[in-house]
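# Working through the structure, step by step
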Amino acid sequence: MTAVTDPPAPPPGASAAPAPEPAGRRRPRLRRWGRRLLIAAVVLLAAVTLLSFAYNAATAGRAKPPAGALFTEADGVRTRYRAWGTSGTPVVLVHGAFESADTWASAAPLLAARHRVYALDLTGWGYSERRGPFDAARQAAQLLGFLDAMHLDRATLVGHSSGAGVIAAAALREPGRVAGLVFLDGDALDTGAGSGSDKLRFVLRDPYRTTVTRLVVRSDWAIRTLYRAQCGPSCPRLDEAGVEQWRRPFQMPGAEDALWNMQAVVGLPAGRVAELSRVRVPKAVVFGADDDVFSRRSPFETARRIGAPSPVIIPGAHHLSLVSHPRQVADAILATAP
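Bear in mind that the values here come from a model prediction, so they are computed numbers and not experimental data.

Turning next to the overall build of the chain. When helices and strands are tallied, the chain shows 13 helices and eight strands. Considering the chain as a whole, with its 338 residues, one finds that 47% of them fall into the buried category. Considering only contacts in the chain between residues 6 or more positions apart, those separated by 24 or more positions represent 75%. When the accessible surface of the chain is totalled, it reaches about 17,500 Å², and 60% of it is carbon and sulfur.

This is the structure:
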């Protein structure tokens, strides 16, 4: 017969390990914690939603165009524009995404000594009426309508960033209306930049979409940060008036819906842009040397694609070369405009 011995006693000061809890007892406890977490999540979502609705209601006021703003009808779009100079051949300046006619405020007066200069707000931006679709074809039609409204037979078209795609589409549609083309910090291609907003639109629904948009637009820090990133250290610091100049267009009626309805930065397929090589007018490609929106090769590839001379590269300039280096930009345009 085998002797049964007791388990060894724990050493002095030690406690025995607790017996494992039965699985049947753990499940109800996990379910209770699960319910608590679900309730907490629902309460948090309800609170955030209520705060979002309240914030949207408190910030529902919309801005008005600046006093004395000029408007004309361009292809059915009420279009805001600015004008400089009283003599010479016309030069029409077309801004890029997130910009307006005001972005040209430093460069345009330098052109006005020799030319009549105009800058318009494309639909979807600035103070012009928002009327989609917000693509190159629609904005090119608006640009051509603007030439009609201002009785401009032949004009040098200058497009900054995605504005290059707009002037390319206009020149290909009606080449006889164009006296010259200048691509400034833009290649006119539909690279799909910004197309990721489709997924963001699906995930970020109202009221949160409106709240996020207004939080960014109303933040001086966000506007100054984005401006510095695109403009670089050579740009003047934004004072309160400068911040308001960039912010105000996004507080216009319809601006938020237009922003969320844009599919991507406008442009054309490479083969279509290459057809500009057959448009026999003076052309120029001008880029900031430190423009990090495009590759270092892009200015040279763009010039070859459209049949322009070697590009003008502005040392020290970033993507907003028209703001940081207006004199160099104006000189490049003056060398092209007849």
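Here the focus is a positive patch on the surface. A cluster of basic side chains, namely Arg-27, Arg-31, Arg-32, Arg-35 and Arg-36, defines a positive patch on the protein surface. Turning to its location among the elements, Arg-27 is positioned in helix H1 (residues 23–58).

Quick look at a nonpolar patch on the surface now. On the surface, Val-212, Val-216 and Leu-226 cluster together into a nonpolar patch covering about 250 Å² of accessible area. With relative accessibility at 41%, the residue Val-216 sits in the partly exposed group.

Here we come to the nonpolar core. Counting residues in hydrophobic clusters, the biggest one holds 48 residues, and the most contacted among them are Val-92, Leu-143, Leu-157, Phe-183 and Leu-276. Among the elements of the structure, strand E3 (90–94), strand E4 (116–120), helix H3 (136–149), strand E5 (155–160), helix H4 (163–173), strand E6 (178–184), strand E7 (283–288) and helix H11 (298–306) are those that each provide at least two residues to this core. For this core, the element with the most residues is H4, which contributes eight residues. Ignoring any residue separated from it by four or fewer positions in sequence, one finds Leu-276 in contact with Ala-168, Ala-171, Leu-172, Leu-181, Phe-183, Lys-283 and Ile-306.

Now for the sheet that holds E6. Read across the sheet, eight strands follow the order E1-E2-E4-E3-E5-E6-E7-E8 without closing on themselves; strand pairing throughout is mixed. In this open sheet, the two strands that pair with only one neighbour each are strand E1 (70–74) and strand E8 (312–314). Pairs of neighbouring strands in the sheet enclose a mean axial angle of 25°, with direction left out of account. The sheet contact formed by E1 and strand E2 (residues 77–84) spans five bridges and is antiparallel. From the neighbouring strand, Leu-70 faces E2, where its bridge partner is Tyr-81. Of the strands in this sheet, E3, E5 and E6 are in contact with H4, which crosses E5 at around 145°.

The rules behind the values
Residues numbered from 1 in each chain as written. Predicted model: local features only at pLDDT ≥ 70, side-chain atom pairs only at ≥ 80, totals over all residues. Heavy atoms only, no water. Helix = DSSP H or I, 4+ residues; strand = E, 2+ residues; numbered from the N terminus. Buried < 20%, exposed > 50% of the residue type's maximum accessible area, 1.4 Å probe, protein only. Contact = heavy atoms within 4.5 Å. Areas by Shrake-Rupley, 256 points an atom, 1.4 Å probe, with all protein chains shown as cover. Patch = residues over 30% accessible without salt bridge, like charges linked within 9 Å, V, L, I, M, F, W, Y side chains within 5 Å. Salt bridge = Lys/Arg side-chain N within 4 Å of Asp/Glu carboxyl O. Lys, Arg positive; Asp, Glu negative; His and termini not counted. Charge placed at Lys NZ, Arg CZ, Asp CG, Glu CD. Core = buried A, V, L, I, M, F, W, Y, C linked by side-chain atoms within 4.5 Å. Pairing = 2+ DSSP bridges. Axes fitted to C-alpha atoms, helices over the stretch in contact; angles between N-to-C directions.

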